[in-house]
Every structure is written in C-alpha cells, then in structure tokens.
Amino acid sequence: MINARDVSSAWKGVPWPRVFAQEIVADRLFLRSALIRKDLLPRYAPRMPLTWTIAGEADCQRAERREGPLNEDGVFYEEGWCLKPADSSNAFGIRFCADDDLEETYKEARAGDERSLWVAQRAIPSLPLLERNKFHLRLLALVVGDLECFVLDDARVLVSPVPMSDDNDHARITNRSFNVDHAAYDAAKHNQSLRACGELDGAALLKQARTLISGVAKRLAKADALRRGVNGAPPPPSTTGEKRHFFALPNAWELFGVDAMVTPQNQLVLLEFNPEPSMGMWGRTKKEILKGKCPVTDGVPRSSSECVGFTKVYSKRFEAALAAAKRKLREENEEYIRQHPELRGAIRLLMAKLLDDTPEDLQQYVCEFFTDPDLERKVEEFMLQKV
C-alpha cells in the first residue's frame, strides 16, 4: 500500500480573487472535484470499472451484492476489488483484495487511515507485457479555459517490476513512484514511451484515450449546462440542491495525469485523473512539455515532425456550434416537409406497401418504388383515400 499525500497545496497558493477579476491566468482549475475525486469521476466517465462509495461496513456488503454503484454503465470484471481513499491521487492508499475480502480489507485500511470516504472498484485485468507483468498507461490531459480539452500525443507505459504471478504489491501496483526503488526495476523496461513500445499498438490506444477523455469533457459540459439551465429553461430540481463539482474559468488551465488500463482485449479503461502529475517519468518538466507557453494566452503546442504536442479532443464552443447547425438543419427539413405534403404521402405509401408485400430485396423494392413513372398519381390517390 502507498501512503496518502496532500495534493491541494498548489491550488491553495493561487490568488483566486485576482483570477476571478481577470487580472491573471491560473495554472489550476478553480473547481475540478468531478475529475480528481474517485467518488465523483465515475459519474462522468464513459468507460470505467463499476465503482461504489464506501463509508462503512454496510457499504462493503452492498458493493458485494452489486447494489447501487456510482456508475450503472460501468464494467464488471472478475478480478476482485481495488480499494482506495476517495480523495487520494497517484495510487496513494490503494489496496487490492479478493471478492470475499472487501469488508476485512476496508477495516484494515481504516485502521491506518481514518478518512471517512473510500471507493471500491472492480479490479481490471491487465494485458501482460514483458514476462507477464502488469502495466498501465499514464496520459497527459490539458484542460484549458471554458472549455477545451487536449491530450498529449504520447503516453508512458508504466510496468510493474515483477510478474503478476508474484503475490505482492509490486506485482499489482504499477505506479513508478512505488516501484522505482525495487531491486528489479529498470527504467528502460518499466517506464517506456508508448510510441516506442513495440508490444502495443500505440496509435490505436491513443485513439481510444482521446475518445475516453473527450467523453469525460462532454459529460462535464452537459452537466454544467443543465445546472445553469438550457435555452432559458430553469435547471431541473435534481441539480439545484447538489454541490457543484466542476467550474471552469476562461483564464484558467490545468494539466492532469490520466491513468488507464489496457485489458487483454486491448480495450482501454479509465482509472483516474491526477492533479499535480509527476513529470519525472517523462524526463521533462511541465514547462518543457508546453514549450514554455501559457495555454490560455499563447495557445497549445501541437505535434510536428520534430516534437510531440497535443491533440484537441473537445471544444465546448465547437459542440455548441455543431448543435446549433444540427438544430437549424432539422428545422429547415421540417419546414420543407410541411411545404411538400406529397413527400409525407410518398413515405406513408411506401411504408404501407412494404408491410403488405414484405419484399426480400428491400433495396431493389425501394428503388423501383421511387422510379415508378406512375408514382405521382399513386401518391395522390393514396392521400385522397386518407382524407
């Protein structure tokens, strides 16, 4: 088990009144609990293991019965449990246990760390690397303004120093900070660039990562829009009494370390977002990765033939423009149909004939229907019959 540490000191050092007055740019988001708290992220993540909040032994029993998870659309794996504090980061406080040992593991964890809220997740099976070692991917996600999201076009492949068959934490926990002092640890093998890892399809995994992180940003933006009300409509009652979990400012940005597992089926599964990501595994500082630029005022560095940069995966402004364009197109289509009732009649006639004739070659049948030289007369007769 890794002992917990405080990751909020940098956030507390930001002069937030000056940020809200638009005097300076903050390198932290004002409110990002929805991303970094383990009991909140499952509400917004599109692909995570099933997760339960644990505040007592009764919750352990509820989780073992698979009742009331945080994410009903989460994935159930037959790998036992992963238990960790809801407010921890970078695998601090994490414990693994078998299916029947969750309650006992929780009691042991509470004895050494009396934080009131924990989460229990279904442990994810790992695609083995090297000599059947467990690994996970560490990605970098950049959240800028209100609201754009970018993903670095590379990741670190963090591999445990011993095979999964070893029954100890160094076989189960893949974080570099935990394994770097192990006698078998070799940075060249156990902290690789995804781009250079020949055992993995880096391009396909990065594509999945962009989709997952984009999905989180999209759900956060949707939840925030509902809270504020959409198109003049008041927010639903279910959101008015709930504490806000995410609040982005136009003059704030933050870099997060995102952990994800690769299953034996090569499916990427999200684990967590970490604030203050360790840059040691990258061999570069945050400033170097951002090319010395402020993402709000100078833009985000993109990839080129000479260097690795970021790919934009979500833009709230683009989503709003796309939604407006779709709405306008739908309204124009509806207006066109209203102006041409014969079109509606043709469609109704086609549906009626399909149900009557039940043709085997549907495509050929529809083609012959619309190329029938008597179609106009038949549609008119059909519409008169329906009057």
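For the structure itself, consult the block above.
Residues numbered from 1 in each chain as written. Predicted model: local features only at pLDDT ≥ 70, side-chain atom pairs only at ≥ 80, totals over all residues. Heavy atoms only, no water.

Visitor: I'd like to hear about the packing of helix α13 (residues 316-339) against helix α14 (residues 341-357), residue by residue, with values.
Guide: In contact at an axis separation of 4 Å, α13 and α14 are set at 90 degrees when each is read in the N-to-C sense. In terms of orientation, α13 and α14 fall into the roughly perpendicular class. Facing α13, whose interface residues are Tyr 336, Ile 337, Arg 338 and Gln 339, α14 presents Pro 341, Leu 343 and Arg 344. Split by residue class, the contact of α13 with α14 holds four nonpolar, one polar and two charged. (Axes fitted to C-alpha atoms, helices over the stretch in contact; angles between N-to-C directions. Helix = DSSP H or I, 4+ residues; strand = E, 2+ residues; numbered from the N terminus. Parallel < 35°, antiparallel > 145°, perpendicular 65-115°, else oblique. Contact = heavy atoms within 4.5 Å. Nonpolar A, V, L, I, M, F, W, Y, C, P; charged D, E, K, R; others polar.)

Visitor: I'd like a rundown of empty space enclosed by the protein, residues and numbers included.
Guide: With the rule as written, the count across this model stands at three cavities of 30 Å³ or more. Computed from the structure, the largest cavity encloses a volume of approximately 250 Å³. Forming the boundary of the largest cavity are 19 residues, of which Cys 82, Lys 84, Ile 94, Phe 96 and Leu 271 lie nearest the centre. Counting residues per element, the ones that place at least two in the lining of the largest cavity are β2 (81-85), β4 (118-122), β9 (253-262) and β10 (268-274). Taken together, the residues of the lining of the largest cavity sort by class into nine nonpolar, four polar and six charged. Reported here for the second largest cavity is a volume of approximately 70 Å³. The wall of the second largest cavity is formed by Leu 35, Val 143, Leu 147, Cys 149, Ile 213, Val 216, Ala 217, Leu 220, Phe 246 and Phe 273. Ranked by residue count, the leading element in the lining of the second largest cavity is helix α10 (residues 202-228), at four residues. (1 Å grid on protein atoms, 1.4 Å probe; cavity = no way out; pocket = protein on both sides within 12 Å on 5 of 7 lines; lining within 4 Å. Points joined across faces, edges and corners; volume = space filled by probe spheres on them.)

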